[in-house]
Amino acid sequence: MAETLLELENVVAGYGETHILRNLSLKVVQGERLAIIGRNGVGKTTTLNTVMGLTRQHSGTIRLKGQPIDRLPPHKRSRLGLGLVPQTRDIFPSLTVEENLQAGVRNGASIEEAYDLFPRLKERRRNGGRQLSGGEQQMLAVARTLMGKPDIILLDEPLEGLAPVICERLVAVFQELSRRGHTIVLVEQHTAIALDFAERVIIIEQGGIVFEGAASELKSNKELLDRHVGIAAPHH
Ligand SMILES: Nc1ncnc2c1ncn2[C@@H]1O[C@H](COP(=O)(O)OP(=O)(O)OP(=O)(O)O)[C@@H](O)[C@H]1O
């Protein structure tokens, strides 16, 4: 059995007094590709934000490599190996691609590695963040998170609003990162893509887990998918 990297145990969390996650427990194992899916507003983003310390945690425990991190601010959690690529793709629009990457460098990460994964960013390295296309901004957001040398990469709907050809290119990079040994947690609305990419899947409904199992198992269980995710989920 591979090592558990991240563990949430009976986590209750939300915004202010509101409880969005209700006793959520999950484990992320070293080197795996885990997808988190579910309908809109069920708490997928809140799960990633809670792991990073961006919500209010009311109870439960979060451990990273066995150590409780619940009380640490987000920047300390990043330093311990968590890297979130938020849905909002927050890059610095007034800085160039290269400056954005430099701003993210920790622990001797190399910008050349990012350029190796995303040759497009190398071509555009002197361009300002605001001149980039949506797909390029997402590449930059992913690359910048990689500059923090995370053990676990948390991707929040990275394909949202992107053309199919750009989605394919990004998914290919996620696969390459997985081959290089990164642990990846992907929150995704494109269910078909998520199930192709991940080995293991979690379905969230009303702030709790209603399914946890192999992606292959879920792919062949249309009834379960329909009940918890809906056939309206977009496909490519
Ligand atoms: N900053 C916030 N303040 C208060 N409530 C919030 C905040 N962000 C999200 N919520 C609420 O928390 C609930 C869960 O939202 P969350 O973004 O985690 O869902 P999701 O499963 O990621 O769905 P989506 O795909 O729509 O992002 C929703 O009811 C949402 O309205």
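Cut-offs applied
Residues numbered from 1 in each chain as written. Predicted model: local features only at pLDDT ≥ 70, side-chain atom pairs only at ≥ 80, totals over all residues. UniProt positions renumbered as here; feature names shortened; annotations may be inferred. Pairing = 2+ DSSP bridges. Helix = DSSP H or I, 4+ residues; strand = E, 2+ residues; numbered from the N terminus. Contact = placed C-beta atoms within 7 Å. Axes fitted to C-alpha atoms, helices over the stretch in contact; angles between N-to-C directions. Core = buried A, V, L, I, M, F, W, Y, C linked by C-beta atoms within 7 Å. Buried ≥ 20, exposed ≤ 12 C-beta atoms within 10 Å, placed from the backbone. Near = placed C-beta within 6 Å. Nonpolar A, V, L, I, M, F, W, Y, C, P; charged D, E, K, R; others polar. Expected span 1.5 Å × (residues − 1). Arc of directions from axis to C-beta.

The name an unreviewed UniProt entry gives the protein chain is ABC transporter, nucleotide binding/ATPase protein (Branched chain amino acid), with Mesorhizobium amorphae CCNWGS0123 as the organism. Recorded in UniProt under Sequence similarities (unreviewed entry), the annotation for the protein chain is "Belongs to the ABC transporter superfamily."

1. Structural notes on the sheet that holds strand β5 (residues 67-68)
Spatial strand order, β2-β1-β4-β5: four strands in an open sheet with antiparallel pairing. Of all the strands in the sheet, just β2 (21-29) and β5 have a single pairing partner and so form its edges. Relative to the sheet, helix α1 (residues 44-52) contacts β1 (4-14), β2 and β4 (56-64), its axis offset from that of β1 by approximately 110°.

2. Let's talk about the nonpolar core
In terms of nonpolar packing, the biggest core is built from 60 residues, with Ala-35, Ala-143, Leu-154, Val-185 and Leu-186 touching the most fellow members. The dominant element in this core, judged by the number of residues it contributes, is helix α6 (residues 134-146), at six residues. When near neighbours in sequence (up to four residues on either side) are disregarded, Leu-154 contacts Leu-48, Val-51, Leu-82, Gly-83, Leu-84, Val-85 and Val-185.

3. A word on unusual backbone geometry
Its identity is not glycine, yet Asn-10 carries a phi of approximately 50°, on the positive side. Tracing the sequence through the fold places Asn-10 in strand β1. Looking at Asn-10, the number of C-beta atoms within 10 Å reads 12, which means it is exposed. At Lys-149, a residue that is not glycine, the phi angle is positive and equals roughly 50°. Of note, Lys-149 is situated in the loop between α6 and β7 (152-156).

4. A look at the pairing of β4
The sheet contact formed by β1 and β4 spans seven bridges and is antiparallel. Note that in β4 the partner of Ala-13 across the bridge is Gln-57. In this structure, β4 lies alongside β5, joined through two bridges in antiparallel fashion. Opposite Leu-64, over in β5, you have Gln-67 as the bridge partner.

5. Overview of the site of the ligand
In the vicinity of the ligand, the contacting residues are Tyr-15, Ile-20, Gly-38, Asn-40, Gly-41, Val-42, Gly-43, Lys-44, Thr-45, Thr-46 and Gln-189. In terms of residue class, the shell around the ligand is built from three nonpolar, seven polar and one charged.

6. Looking at the sheet that holds strand β3 (residues 33-37)
Here six strands make up an open sheet; going across it, the order is β6-β7-β8-β3-β9-β10 and the pairing mixed. The sheet is open, and its two edges are formed by β6 (82-85) and β10 (208-214), each paired on a single side. Direction aside, neighbouring strands of the sheet carry axes that sit 15° apart on average. Bridging between strand β9 (residues 200-205) and β10 involves six bridges; their strand directions are antiparallel. Across the sheet, the residue bridging to Arg-200 is Ala-214, located in β10. Packing of α6 onto the sheet brings it into contact with β6 and β7, and relative to β6 it is tilted by some 170°.

7. A look at helix α7 (residues 164-179)
Helix length check: α7 (16 residues) gives 22 Å between terminal C-alpha atoms against 22 Å at 1.5 Å per residue, within 8%. Positive backbone phi, approximately 100°, marks Gly-181, located one or two places after α7.

8. With respect to the environment of Ala-109
Relative to the assigned elements, Ala-109 resides in the loop between α3 (97-104) and α4 (111-117). Counting along the chain gives 38 residues from Ala-109 to Met-147, while the straight-line C-alpha distance between them is 5.4 Å. If sequence neighbours within four positions are ignored, Ala-109 has contacts with Met-147 and Lys-149.

9. Notes on the environment of Thr-88
Note on placement: Thr-88 falls in the loop between β6 and α3. Thr-88 sits in the exposed class, given 8 other C-beta atoms within 10 Å. Spatially, the C-alpha atoms of Thr-88 and Arg-56 are 20 Å apart, while their sequence positions differ by 32 residues.

10. Topic: α3
Inspection of α3 places Val-97, Asn-100, Leu-101 and Gly-104 among the buried residues, and these make up the whole buried set. One side of α3 carries all its buried residues, which in axial view fall inside an arc of 95°.

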